[in-house]
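Here's the letter readout for the chains.
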Amino acid sequence: MAKNQDEAVLADDALEDAGSESRVYELGFHLDPALPTEEAKKAYQAMRAAIAGKGAVVAEGEPEKIQLAYTISLQETSGRRDFDSAYFSWIAYETTATEHAGIIAAAGADKHIIRFIDLLTTKDAARHSVEVREISLKASERAEDAEEIAGAELDAALENVVV
């Protein structure tokens, strides 16, 4: 038991010493789905500007409306709100631990953000996420094009069929 406590103290000391070192974090967040698309983009840009003021943006994913895997319920002063969808976005950034605390506080204070998670990551992992996203978008575009071509060929074949 004492060994585990000693390890925890050493880990805490290491984190405190790293306060001046720059690290890479990834903030993923859900924006209120009731916002119009333009307002969701403005909320995203405001969070991005807050991060850029305290560090350097490494990679990012702009807001995209998605269906949530489960309902998120929030208790507000006006009552409970349930969310089945949200605008999801993420920003990978590099900053010090001291500035990181300010970014977390800003995300927590933003009324448009209904939920967020902040993780320690690497520049390579963040950039890889962007590459994978671009590849999946290109693949889905090619699949849509193939479906359109197949549909056009089927329509042409059906027009040539004699009844």
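Higher on the page you've got the structure.
Conventions used here
- Residues numbered from 1 in each chain as written.
- Predicted model: local features only at pLDDT ≥ 70, side-chain atom pairs only at ≥ 80, totals over all residues.
- Heavy atoms only, no water.
- Helix = DSSP H or I, 4+ residues; strand = E, 2+ residues; numbered from the N terminus.
- Buried < 20%, exposed > 50% of the residue type's maximum accessible area, 1.4 Å probe, protein only.
- Contact = heavy atoms within 4.5 Å.
- Pairing = 2+ DSSP bridges.
- Axes fitted to C-alpha atoms, helices over the stretch in contact; angles between N-to-C directions.
- Expected span 1.5 Å × (residues − 1).
- Arc of directions from axis to C-beta.
- Salt bridge = Lys/Arg side-chain N within 4 Å of Asp/Glu carboxyl O.

### What about the environment of Ser85?
Considering the arrangement of structural elements, one finds Ser85 in strand E3 (residues 79-96). Judged by its relative accessible area of 13%, Ser85 falls in the buried class. The spacing of Ser85 and Ile66 is 19 residues in sequence and 5.6 Å in space, taken between C-alpha atoms. What Ser85 contacts, discounting residues up to four positions off in sequence, is Pro33, Lys65, Ile66, Gln67 and Leu68.

### Focus: the sheet that holds E3
The four strands are arranged E2-E3-E1-E4 in an open sheet whose pairing can be described as antiparallel. The sheet is open, and its two edges are formed by strand E2 (56-76) and strand E4 (113-121), each paired on a single side. The average undirected angle you get between the axes of adjacent strands in this sheet is 20°. Across eight bridges, strand E1 (residues 22-31) lies against E4 in antiparallel orientation. Counterpart to Gly28 in the pairing with E4 is Ile117. The sheet strands contacting helix H2 (residues 37-54) are E1, E2, E3 and E4, and the helix crosses E2 at an angle near 125°. Most of the contacts of helix H3 (residues 97-109) go to E3, to which it runs at about 160°, and overall it touches E1, E3 and E4.

### Points about H3
For H3, which comprises 13 residues, the first-to-last C-alpha distance of 19 Å matches the rise-based estimate of 18 Å (1.5 Å per residue) to within 8%. Residues of H3 that are buried include every one of His100, Ile103 and Ala107, and no others. End-on, the buried residues of H3 take up no more than an arc of 60°, which puts them together on one face. Exposed and oriented more than 90 degrees from the buried face of H3 are Thr98, Gly108 and Ala109. Structurally, H3 contributes buried residues whose contacts are with E1, H2, E3 and E4.

### Topic: the pairing of E3
When a strand is regular, its side chains alternate between the sheet's two faces. Note that E1 and E3 share ten bridges and pair antiparallel. Each bridged residue has a counterpart across the sheet, and for Ser22 the counterpart in E3 is Thr96. Pairing between E2 and E3: 14 bridges, direction antiparallel. Paired with Ser73 across the strands is Asp82, a residue of E3.

### Concerning the pattern of salt bridges
Summed over the entire model, instances satisfying the criterion amount to seven salt bridges. Where Arg48 meets Glu60, a salt bridge forms, and the shortest distance between an N and an O atom there is 2.7 Å. Pair noted here: Arg48 is in helix H2 and Glu60 is in strand E2, with a separation of twelve residues, a long-range link. Given a relative accessible area of 28%, Glu60 falls into the partly exposed group. Its salt-bridge partner being Arg81, residue Glu76 comes within 3.7 Å of it at the nearest N-O pair. The class of Glu76 is partly exposed, set by a relative accessible area of 30%. The network of salt bridges with common partners includes Asp32, Glu76 and Arg81.

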